[in-house]
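# Remarks on the overall topology
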Amino acid sequence: MSPSAPTDRLETVSLGAIAVSLSAGVAGVAGSYAAASFTPAFIAGPIAGLLARRLPSVVVTYSILLLGDLGSQLNVVAALALSVLLLAAATGAGLAVAERLGVAGAAPQAAGVLAAIAAVLVTGATIPSLAAGVAVALVVAVANLLSLTDCEAGFRDRRGVLGGVASAIGVLGGGYLLGSSSGASSNPEPSDIDNDGAQAEIGPLLQEANDKSLDVEGLEPLVSERFYEVDINATDPTVSPDDWTLSITGAVDEEVSYTYDEVTGMDAENRFVTLRCVGEKLNGRKLDNALWTGVPIMDLVGPAGPADECCVMLHATDGYYQEFPLSALEDGFLAYGMNGETLPRGHGSPARVLIPGHWGEINVKWVTEIEVIEEEAEGYWEERGWHGTGPVKTVAKMHLVEELDGGRARVGGHAYAGTRGIGGVEVTTDGGETWTDATLSEPLPGEDVWRQWVHEYDAPEGPHDVTVRAIEADGTVQPSERTDAFPRGPSGWVTRTVGGGGGGRFGR
Ligand SMILES: Nc1nc2c(c(=O)[nH]1)N[C@H]1C(S)=C(S)[C@@H](COP(=O)(O)O)O[C@H]1N2
Ligand SMILES: [Mo]
């Protein structure tokens, strides 16, 4: 029997064709990235989102709790692999179609078109999908050209396969460079905010935060240098202020909608507001503070005439939604500036909601709709078992642990109690027998702002535990009972081991 006469269907799918298809898949993903960078138009973006949303919520919860940020990285890796497989399958289908129709020379076009269609179906974005298709076609064309036998033989020829692999590596490198440089344009340089009155106050306020920050090396200042980010999607939405509107809908007298220029044209305020994520570790890093610029949310919601109902549901462009009491919205803020510049894309550009004293999750980013609803409903995270819409828990973090000269030691961190306010921070170095007041930073203006604390002491010989607890403004002592983040946020006192080169005891 001649080698080109297949005995069964399987034999027509050669290893060579698989290698060329996978190479084309890699190139297609790189092509998509070249045109889209890391945005939802990149083929792996929606696939990562789909994975995160379709996985059983226990898997998602355990990934958040046990893997933390590694979980989201694994999510991206899995999405990249699936994207390659999807485009490889499209390529394989293209090869098969061309062969079946007896036009082997048209395999690049067939594979390219099918890959582009697959990418459009996933992302809804044309240009990056075309780029994926072109990259796929290119790899198949190179493999075709270099094949001694024609591709009817399913790339049984090594030269063709190597050509396909090599061209895919080339496309991958080029696509990566293009995508990361064009990524800069989807992350526009922050600019001055568009409200002169508010802009004038920002400098002095940031200066005040700087002056009030304790002068201790290794302790983050009162305005965070790197504000944490938590997102349901791997890729942040890119929303142009020109295309953005905020609508007030549902149980209202009259639905109202605002453009970006209308919002920034209103009387603006600057507020220090601290955010904390319900899913963080007890001594984790998802607690940060910034100076935000925006308008009181009732200035926008009031004119719609909201009915006296229980709740609101907020909707955002990334498919996120969160429900909480209408009463909580009344103290809320719509921010379009952060630390004196326009809101960064990762923090919800062009505008996000800030609700004082509540867990981070209801501070909806990329918000587009505030819907007044008559009955309680579940938000994105509540549907996955979390209870994170209520008041934030009090915490004192201990991120600074340092042994000083002369047998002294220094510990420090930030304390936060939502709108209850921090009245003090106490430290024990003898297992709770005695508690000493830590030094606190002067309070910043605002009712939902953290404070820094630091404590220096004569360290006992060898490793010893240091525990810190926050005292709320009314004297209430932070509860010592330790709970996991799931489902209501972590609680308990942070303890770390100091001395003897020992590491931290509880979640750094
Ligand atoms: N649209 C949208 N808003 C969102 C989220 C999101 O994934 N999408 N994450 C929420 C969560 S869980 C937290 S803790 C805060 C974090 O805000 P940051 O990323 O600006 O720190 O945003 C909240 N708002
Ligand atoms: Mo969160």
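Notes on the structure in this doc start here. (Residues numbered from 1 in each chain as written. Chains lettered and ligands numbered in written order. Predicted model: local features only at pLDDT ≥ 70, side-chain atom pairs only at ≥ 80, totals over all residues. Heavy atoms only, no water.)

## Some points on the side chain of Lys365
Examined against the element boundaries, Lys365 turns out to sit in the loop between strand 9 (352-354) and strand 10 (367-373). Given a relative accessible area of 9%, Lys365 falls into the buried group. Other than its neighbours up to four places away in sequence, Lys365 contacts Val230, Asp231, Ala316, Gly346, His347, Gly348, Ala351 and Arg352. (Helix = DSSP H or I, 4+ residues; strand = E, 2+ residues; numbered from the N terminus. Buried < 20%, exposed > 50% of the residue type's maximum accessible area, 1.4 Å probe, protein only. Contact = heavy atoms within 4.5 Å.)

## A word on the site of ligand 1
Neighbouring ligand 1 are 20 residues; Tyr228, Asp318, His347, Arg352 and Lys365 lie closest to it. Backbone polar atom of Ile232 to an oxygen atom of ligand 1: 2.8 Å apart, as the coordinates give it. Taking Asn363, its main chain carries an N or O atom lying 3.1 Å from a nitrogen atom of ligand 1. In isolation ligand 1 offers 530 Å² of accessible surface; the protein chains occlude 99% of this area. Among the residues forming the shell around ligand 1, the class breakdown is 11 nonpolar, 3 polar and 6 charged. (Near = heavy atom within 4 Å. Polar contact = N/O pair within 3.5 Å; in protein donor to acceptor, adjacent residues only side chain to side chain. Areas by Shrake-Rupley, 256 points an atom, 1.4 Å probe, with all protein chains shown as cover. Nonpolar A, V, L, I, M, F, W, Y, C, P; charged D, E, K, R; others polar.)

## What to know about the pairing of strand 10
Looking at chain direction, strand 1 (residues 245-250) and strand 10 are connected through 4 bridges and run parallel. Each residue of the ladder has a partner; that of Ser247, found in strand 10, is Glu369. Looking at chain direction, strand 5 (residues 311-316) and strand 10 are connected through 6 bridges and run antiparallel. Across the sheet, the residue bridging to Met313 is Glu371, located in strand 10. (Pairing = 2+ DSSP bridges.)

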